[in-house]
2 protein chains.
Amino acid sequence: MTSVSTEPRDTDGPTPATPPTGGSAAQRERRRRILDATISLAAEGGFDAVQMRAVAEQAEVALGTLYRYFPSKIHLLVSALAREFTKDVDRSAIRATPGDTAHERIMYVLNRRTRALQKQPKLTEALVRAFMFADQSVTGEIHEVGTSLTTVIARAMHGTPDHGEVTEEEAAIIRIISDVWLSALISWVTGRMDEKDVEKSIDVAVRLLLR
Amino acid sequence: MTSVSTEPRDTDGPTPATPPTGGSAAQRERRRRILDATISLAAEGGFDAVQMRAVAEQAEVALGTLYRYFPSKIHLLVSALAREFTKDVDRSAIRATPGDTAHERIMYVLNRRTRALQKQPKLTEALVRAFMFADQSVTGEIHEVGTSLTTVIARAMHGTPDHGEVTEEEAAIIRIISDVWLSALISWVTGRMDEKDVEKSIDVAVRLLLR
DNA sequence: GACTGATGTAGAACGTGTTACAAGTCTAGA
DNA sequence: TCTAGACTTGTAACACGTTCTACATCAGTC
């Protein structure tokens, strides 16, 4: 499925590849349709239902075109995840997070997001599995997701939309919280934790880390 | 690759399936050969090189037999991981972990294991990716791995081979440390962290959690 | 308006995980 | 020893991610 060993393989220069912005209007439109189709299929049937032929058909592009835009299924799903997360970041920039303490605010933000994901279990399963399965070639998209998450938590920590300077220590804490959140999400997706467990495990982590 | 939706599919009763113990001597032997072949192929070429036909050939069993023992590639790899981890647990039971503080002892244990994994990057990549990609049907094997890790950390925390009663709080801390360790391992496998980063991120987590 | 290179389309083809099947082999019990 | 049933084997077939190829279309340039 993934081949780390092969060379860059693409000798052609100007592939639209992945950038969300840039390209003609028609291209941005196609990209949007592809990601919409991905989300829609994932929401219905999870990871397995996101079949490249099905995505291409629903997005009304040829299979080759799909692969020109997203070089693999994993890229596709992680890009979809990145797009969704970016929306959240934009929202979180609008106003301050409610809550009196950093703990409360972080829990507010993460729980809100967790519940949103839990409303669409299939979609979440698809996105989380893809994220976890991603290899080296997906570094860019993964990083984008990580940055979104970090930004949102940092904002919640400080309680203001402007993400000021975070100290080394704060950055470390945020990273750990992200790790725990993702792990919990995986456990939930794979049925090893229920919704309560997820909230509790994050709550414990935040409490231990912020004391 | 994975289908959660299908029925149990096996109507026959006495499948050897997965249990490491039980079955005839020949069966235990076959199981061992299969896991050995898996590890060997993974060590050479990582996840992609563990091809079911190749495993079957190297283990000198038919493809159908391989699937009777391990119902999917993911089961196979996670079982291999579980076997390796179990060995570690057995070793850790033999004598007390060196180190004067819980922090030191935990770092000792995790770093030792981390370095062992880093010596075989391809193998680690294969095992970690499989672990992360596992779905509901692999719960049993995953749990086995989680238990091993928890046990080892608990022992290190207390400094004695006998894992006495762990408090709720300790259990929570151990879980978080496991999460961070796994996340770091993934980041390392996918080239987003180097070896130093892995150690540091765990060190920070342990320090923050044990203070 | 014709030419050219990039982009898109349709569909075949290939590789690997997984399943299905027919026939051989081994084991326990009569 | 013979037989029934489970277990193995070898092999074909299928599904889906991915690649490849031949042709159509479109945008920009002369």
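It should be noted that the structure appears before, not after, this text.
Chains are numbered independently. Their residues run from 1 in the order of the written sequence. Numbering of ligands from 1 and lettering of chains from A proceed in the order in which they are written. Reporting in this predicted model follows two pLDDT cut-offs: at least 70 for local features of residues, and 80 or more for side-chain atom pairs to be given and counted; totals over whole chains, interfaces and linings ignore these cut-offs and use all residues. As a rule here, side-chain values cover all heavy atoms of the structure and leave hydrogens and water aside.

Student: Residue-level account of the overall build of chain A, with values.
Tutor: Scanning chain A from N- to C-terminus turns up 9 helices and 0 strands. Residues classed as buried in chain A amount to 48% of the 211 residues present. Counting contacts in chain A only where the partners sit at least 6 residues apart, residues at least 24 apart contribute 71% of the total. Shrake-Rupley sampling with a 1.4 Å probe provides the accessible areas, and residues are treated as covered by the protein chains on show and by no other component. Of the roughly 10300 Å² that chain A leaves accessible, carbon and sulfur atoms contribute 52%. Helix and strand assignments come from DSSP, with helices taken as H or I runs of at least 4 residues and strands as E runs of at least 2, each series counted from the N terminus. We call a residue buried when its accessible area falls under 20% of the maximum for its residue type, exposed when it is over 50%, and partly exposed in between, using a 1.4 Å probe and counting protein chains only. Whether two residues touch is decided by their heavy atoms; if any such pair falls within 4.5 Å, the residues are in contact.

Student: Please set out the pattern of salt bridges residue by residue, giving values where relevant.
Tutor: When a carboxyl oxygen of Asp or Glu lies within 4 Å of a side-chain nitrogen of Lys or Arg, that pair is called a salt bridge. Using the criterion set out here, one finds 23 salt bridges over all chains in the structure. A:Arg115 serves as the salt-bridge partner of A:Glu199, at 3.2 Å between the closest nitrogen and oxygen. Here A:Glu199 is found in helix H9 (residues 195-210), whereas its partner A:Arg115 is found in helix H5 (residues 102-118), with 84 residues between them in sequence. Take A:Arg115: its relative accessible area is 43%, and that puts it in the partly exposed class. Residue B:Glu169 is joined to A:Arg211 by a salt bridge in which the shortest nitrogen-to-oxygen separation is 3.8 Å. Of this pair, B:Glu169 sits in helix H8 (residues 168-189) while A:Arg211 sits in the segment after H9, each in a different chain. One connected set of salt bridges, linked through shared partners, spans B:Glu29, B:Arg32, B:Arg33, B:Asp36, B:Arg83, B:Glu84 and B:Lys87.

Student: Provide a residue-level description of the interface of chain A and chain B, including the pertinent values.
Tutor: Contacts between chain A and chain B engage 31 residues on the former and 31 residues on the latter. When two components associate, each loses some accessible surface as probed by a 1.4 Å sphere; the sum of these losses over both components is called the buried area. Contact with chain B buries surface across chain A, with A:Arg129, A:Phe133 and A:Arg211 losing the most and accounting together for 20% of the total. The closest approach of N and O atoms between A:Arg207 and B:Glu169, which form a salt bridge, is 3.7 Å. Distance and chemistry together define a polar contact, namely a pair of N or O atoms within 3.5 Å, with one atom able to donate a hydrogen and the other to accept it when in protein, and with adjacent residues in sequence counting only for side-chain atoms on both sides. Connecting chain A to chain B are 7 residue pairs in polar contact (both at pLDDT 80 or more). Those elements that provide at least two residues to the side of chain A that touches chain B are helix H1 (25-49), helix H6 (121-133), helix H7 (139-158), helix H8 (168-189) and H9 of chain A. Broken down by element, the side of chain A that touches chain B gets its largest block of residues, 8 residues, from H8(A). Classification convention: Asp, Glu, Lys, Arg as charged; Ala, Val, Leu, Ile, Met, Phe, Trp, Tyr, Cys, Pro as nonpolar; all other residues, Gly among them, as polar. Across the side of chain A that touches chain B, the residue classes tally to 16 nonpolar, 7 polar and 8 charged.

Student: I'd love a proper account of the packing of aromatic side chains, names of residues and values included.
Tutor: What describes a pair of aromatic rings is the distance from one ring centre to the other and the angle between the planes of the rings. Ring geometry is summarised as follows: Phe, Tyr and Trp rings, the Trp one being its six-membered ring, pair when their centres sit within 6.5 Å, and such pairs are stacked at plane angles under 30 degrees, edge-to-face over 60 and tilted between the two. One pass over the structure, following the stated rule, counts 5 aromatic pairs over all chains. Their ring planes at 45° and their centres at 6.3 Å tell us that A:Phe85 and A:Trp181 sit as a pair that is tilted. With a gap of 96 residues between them, A:Phe85 in helix H4 (residues 73-94) and A:Trp181 in helix H8 connect regions that are remote in the sequence. Taken as a pair, A:Phe85 and A:Trp181 share a single burial class, namely buried. On the numbers, 5.3 Å between centres and 75° between planes, the contact of A:Phe133 with B:Phe47 is edge-to-face. Of the two residues, A:Phe133 is situated in helix H6 and B:Phe47 in helix H1 (residues 25-49); the pairing between them involves two chains. Residue A:Phe133 is classed as buried on the basis of its relative accessible area of 0%. Ring pairing ties together the aromatic residues A:Phe47, A:Phe133, B:Phe47 and B:Phe133, which thus form one cluster. Any Lys NZ or Arg CZ found within 6 Å of a ring centre and within 35 degrees of that ring's normal is scored as a charge over the ring. The cationic tip of A:Lys73 hangs over the ring face of A:Phe47; the distance from NZ or CZ to the ring centre is 4.1 Å. The residue whose ring lies beneath B:Arg113 is B:Phe85, and the NZ or CZ to ring-centre distance is 4.5 Å.

Student: If you had to explain the side chain of B:Thr124 to someone new, which residues and values would you point to?
Tutor: All names here are of chain B. When you line up the elements, Thr124 lands in helix H6 (residues 121-133). For Thr124, a relative accessible area of 2% gives the class buried. Those residues within four positions of Thr124 in sequence are excluded, and the remaining contacts are Leu117, Gln118, Arg129, Trp188 and Val189.

Student: How would you sum up the relation of the copies chain A and chain B? Please name residues and give values.
Tutor: Least squares is the method used to superpose the copies, on C-alpha atoms of residues holding a pLDDT of at least 70 in both. The transformation that overlays chain A on chain B combines an axial shift of 0.0 Å with a rotation of 180°, and the residual RMSD is 0.0 Å. The two molecules are tied by a two-fold rotation axis, judged by turn and shift. A share of 100% of the interface residues of chain A reappears at the interface of chain B, consistent with the copies meeting face to face through the same patch.

Student: Any chance you could break down the packing of helix H4 (residues 73-94) of chain B against helix H7 (residues 139-158) of chain B for me, citing the residues and the numbers?
Tutor: Residue and element names in this part refer to chain B. Look at H4 against H7: their axes get within 9 Å of each other, and the N-to-C directions meet at 20°. Considered as vectors, H4 and H7 are oriented roughly parallel to each other. Crossing geometry of H4 relative to H7 is assigned as left-handed. Where H4 abuts H7, its residues His75, Val78, Ser79, Leu81, Ala82, Phe85, Thr86, Val89, Ser92 and Ala93 lie against Glu141, Ile142, Glu144, Val145, Ser148, Leu149, Thr151, Val152 and Arg155. In the contact of H4 with H7, the residues fall into 10 nonpolar, 6 polar and 3 charged. Here an angle of 0 to 180 degrees is reported between the N-to-C directions of two axes, which are lines fitted to C-alpha atoms, with helices fitted over the stretch in contact. With respect to orientation, any angle under 35 degrees is reported as roughly parallel, any angle over 145 as roughly antiparallel, any angle of 65 to 115 as roughly perpendicular, and every other angle as oblique. Handedness of a helix crossing follows the sense of rotation of the near helix relative to the far helix, less than a right angle counterclockwise being left-handed and clockwise being right-handed.

Student: For the packing of H7(A) against H8(A), give the residues involved together with the corresponding values.
Tutor: Residues and elements named next belong to chain A. Between H7 and H8, the shortest axis-to-axis distance is 10 Å and the interhelical angle comes to 120°. What the angle tells us is that H7 and H8 run oblique. Crossing of H7 over H8 shows right-handed handedness. Contacts between H7 and H8 involve Leu149, Thr150, Ile153, Ala154, Met157 and His158 from the first element and Glu170, Ile173, Ile174, Ile177, Ser178 and Trp181 from the second. Within the contact of H7 with H8, the residues separate by chemical class into 8 nonpolar, 3 polar and 1 charged.

Student: Before we move on, can you summarise H6(A) with the specific residues and values?
Tutor: All names here are of chain A. The end-to-end C-alpha separation of H6 is 18 Å, in line with the 18 Å expected for 13 residues at 1.5 Å each. Counting buried positions along H6 gives 11 out of 13 residues, so the element sits mostly inside the fold. Along H6, the residues that are buried comprise Leu123, Thr124, Glu125, Ala126, Leu127, Val128, Arg129, Ala130, Phe131, Met132 and Phe133. Here a helix's expected span is defined as the number of its residues, less one, multiplied by 1.5 Å.

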